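The residues making up each chain are set out below.
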Amino acid sequence: MTEQLFISDLHLSADRADTVQLFLQFLNGRATQADHLYILGDLFDSWVGDDFLAPPIPEIKQAMYQLSQSGTGLWLMHGNRDFLMGVSFCQDTGAELLKDPTLIDLYGMPTLLMHGDLLCTDDQAYLDFRREIRHPTHVDQFLSQPIKRRIAMAMAYRAKSGEAKSLKPESIMDVNQQAVEAHLLEHGAEHLIHGHTHRPADHTFHIAGKTHCRHVLAEWHRNHAELICVTPDGFSREPVCC
Ligand code: LP5
Ligand code: MN
């Protein structure tokens, strides 16, 4: 049976050894049955440059490479935590980088893929921060720093962001429905798959009388991880277990 798998928000790091193990097992097992695996952002909890190669990064890259060479197409989108994953990471893993957003044809269903942060338009402080931090001058300056300094800066960003988030109402950290509908209309999509908000659910709604669906991916934890599987029969959710 032909199928496409979608995951996001694994937030892998050396501190999350159990989730790393789960992902490695997934790459060597369940994922090999799929035609394509799409990772829609925040695969890593933070990414300070392709030249940072501390464990468990080499093992993860190796397992991704094996999957991509075994016949499962591997597609990668940046998240807000790992938007510095670059050409070298993609070459080493055999993954193709996807723009955010990207429209794909899923068995005749036009489907938009996003990380999800761009849909949180009520969180203006984040959108301003996002624009600044991704400015090419800022990125070049950051990547020219020694790795130790980059790690310290990433930790500082995370701490500041954590403080800011604790003061924000939950509602502004979710997607804005008008932004969702505008993206779907602009791209002529019927389905949207995204992550980022860590609020897994399937939302059905109508635009101009036509049914649309927004599928939100789950964050991975060592005890609970989930994927979305799409076949010609439709969308389904599946737990990822060891
Ligand atoms: O990721 P999540 O879900 O916890 O929070 C996001 C938004 N926060 C971020 C920041 C990241 O979490 C931390 C940075 C990751 C490491 C990247 C490393 C590479 C850096 C490369 C530089 C070129 O994305 C959060 C949203 C939330 O999603 C929900 O959508 O609300 O946004 C914020 O909290 C941002 C604040 O509103 C504004 C932040 C001000 C920080 C100012 C920085 C100060 C300088 C630090 C000193 C170096
Ligand atoms: Mn995210």
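Shown above is the structure to which this text applies.
Residues numbered from 1 in each chain as written. Chains lettered and ligands numbered in written order. Predicted model: local features only at pLDDT ≥ 70, side-chain atom pairs only at ≥ 80, totals over all residues. Heavy atoms only, no water.

### Some points on the overall build of the protein
Okay, so step 1: Along the backbone of the protein there are 7 helices and 11 strands.
Okay, so step 2: Along the first, second and third principal axes, the C-alpha atoms of the protein reach 55 × 40 × 30 Å.
Okay, so step 3: Out of the 242 residues in the protein, the part that is buried amounts to 49%.
Okay, so step 4: In the protein, the proportion of contacts linking residues at least 24 apart, taken out of those at least 6 apart, comes to 67%.
Okay, so step 5: Element-wise, carbon and sulfur atoms account for 53% of the exposed surface of the protein, whose accessible area totals about 11,700 Å². (Helix = DSSP H or I, 4+ residues; strand = E, 2+ residues; numbered from the N terminus. Buried < 20%, exposed > 50% of the residue type's maximum accessible area, 1.4 Å probe, protein only. Contact = heavy atoms within 4.5 Å. Areas by Shrake-Rupley, 256 points an atom, 1.4 Å probe, with all protein chains shown as cover.)

### A few points about the layout of surface pockets
Any empty space left between atoms is shown by rolling a water-sized probe over those atoms.
Okay, so step 1: Considered as a void within the structure, the largest pocket measures approximately 980 Å³ in volume.
Okay, so step 2: Along the wall of the largest pocket there are 39 residues; nearest its centre are N80, R81, Y126, F129 and S161.
Okay, so step 3: Taken together, the elements giving at least two residues each to the lining of the largest pocket come down to α4 (124–133), α5 (136–143) and α6 (147–166).
Okay, so step 4: Looking at the lining of the largest pocket element by element, the count peaks at 8 residues for α6.
Okay, so step 5: Counted by class, the lining of the largest pocket contains 15 nonpolar, 9 polar and 15 charged residues.
Okay, so step 6: S13, A14, S46, F52 and R158 are the residues nearest the centre of the second largest pocket, which is lined by 18 residues in total.
Okay, so step 7: A total of 4 residues in the lining of the second largest pocket trace back to one element, the largest contributor, which is α6. (1 Å grid on protein atoms, 1.4 Å probe; cavity = no way out; pocket = protein on both sides within 12 Å on 5 of 7 lines; lining within 4 Å. Points joined across faces, edges and corners; volume = space filled by probe spheres on them. Nonpolar A, V, L, I, M, F, W, Y, C, P; charged D, E, K, R; others polar.)

### Observations regarding the nonpolar core
Nonpolar side chains tend to gather and get buried jointly when the protein is soluble and globular.
Okay, so step 1: One finds F23, F26, L37, L43 and M64 to be the most contacted residues of the largest nonpolar core, which totals 41 residues.
Okay, so step 2: Here this core gets 6 residues from one element, more than from any other, and that element is helix α1 (residues 17–28).
Okay, so step 3: With residues near it in sequence (within four places) discarded, L43 still touches L10, H11, L12, F23, M64, L76, D82 and F89. (Core = buried A, V, L, I, M, F, W, Y, C linked by side-chain atoms within 4.5 Å.)

### Section: the pairing of strand β6 (residues 109–113)
One face of the sheet, then the other: side chains in a regular strand alternate in exactly this way.
Okay, so step 1: The element β6 is extensively covered by neighbouring structure, given that 4 of its 5 residues are classed as buried.
Okay, so step 2: In this sheet, β6 lies alongside strand β5 (residues 102–106) in antiparallel orientation, the contact comprising 5 bridges. Residue pairing across strands places I104 opposite T111, the latter belonging to β6.
Okay, so step 3: The turn linking β5 back onto β6 is made up of 2 residues, and Y107 within it adopts a positive phi angle of 50°. (Pairing = 2+ DSSP bridges.)

### A few points about the site of ligand 1
Okay, so step 1: Taken together, 25 residues sit near ligand 1, with R81, D123, K165, K168 and H196 positioned nearest.
Okay, so step 2: At a separation of 2.6 Å, an oxygen atom of ligand 1 approaches a polar side-chain atom of R81.
Okay, so step 3: Take H196: an N or O atom from its side chain is 2.8 Å from an oxygen atom of ligand 1.
Okay, so step 4: With the chains in place, 85% of the 1,100 Å² that ligand 1 exposes on its own is no longer accessible.
Okay, so step 5: According to the grid-proximity analysis, the pocket containing ligand 1 is the largest pocket.
Okay, so step 6: For the shell around ligand 1, the element with the most residues is α6, which contributes 8 residues.
Okay, so step 7: The residue makeup of the shell around ligand 1, split by class, is 14 nonpolar, 5 polar and 6 charged. (Near = heavy atom within 4 Å. Polar contact = N/O pair within 3.5 Å; in protein donor to acceptor, adjacent residues only side chain to side chain. Sits in = over half its atoms within 2 Å of the grid points.)

### A few points about the pattern of salt bridges
Okay, so step 1: Taken as a whole, this structure holds 17 salt bridges when the rule is applied.
Okay, so step 2: E170 is paired through a salt bridge with R199; the nearest N and O atoms lie 3.4 Å apart. Of this pair, E170 sits in the loop between α6 and α7 (177–187) while R199 sits in the loop between β7 (191–194) and β8 (201–207), and the two are 29 residues apart along the sequence.
Okay, so step 3: Relative accessible area serves as the criterion here: at 55%, E170 is assigned to the exposed category.
Okay, so step 4: The structure contains a network of salt bridges with shared partners spanning R16, D45, R81 and R158. (Salt bridge = Lys/Arg side-chain N within 4 Å of Asp/Glu carboxyl O.)

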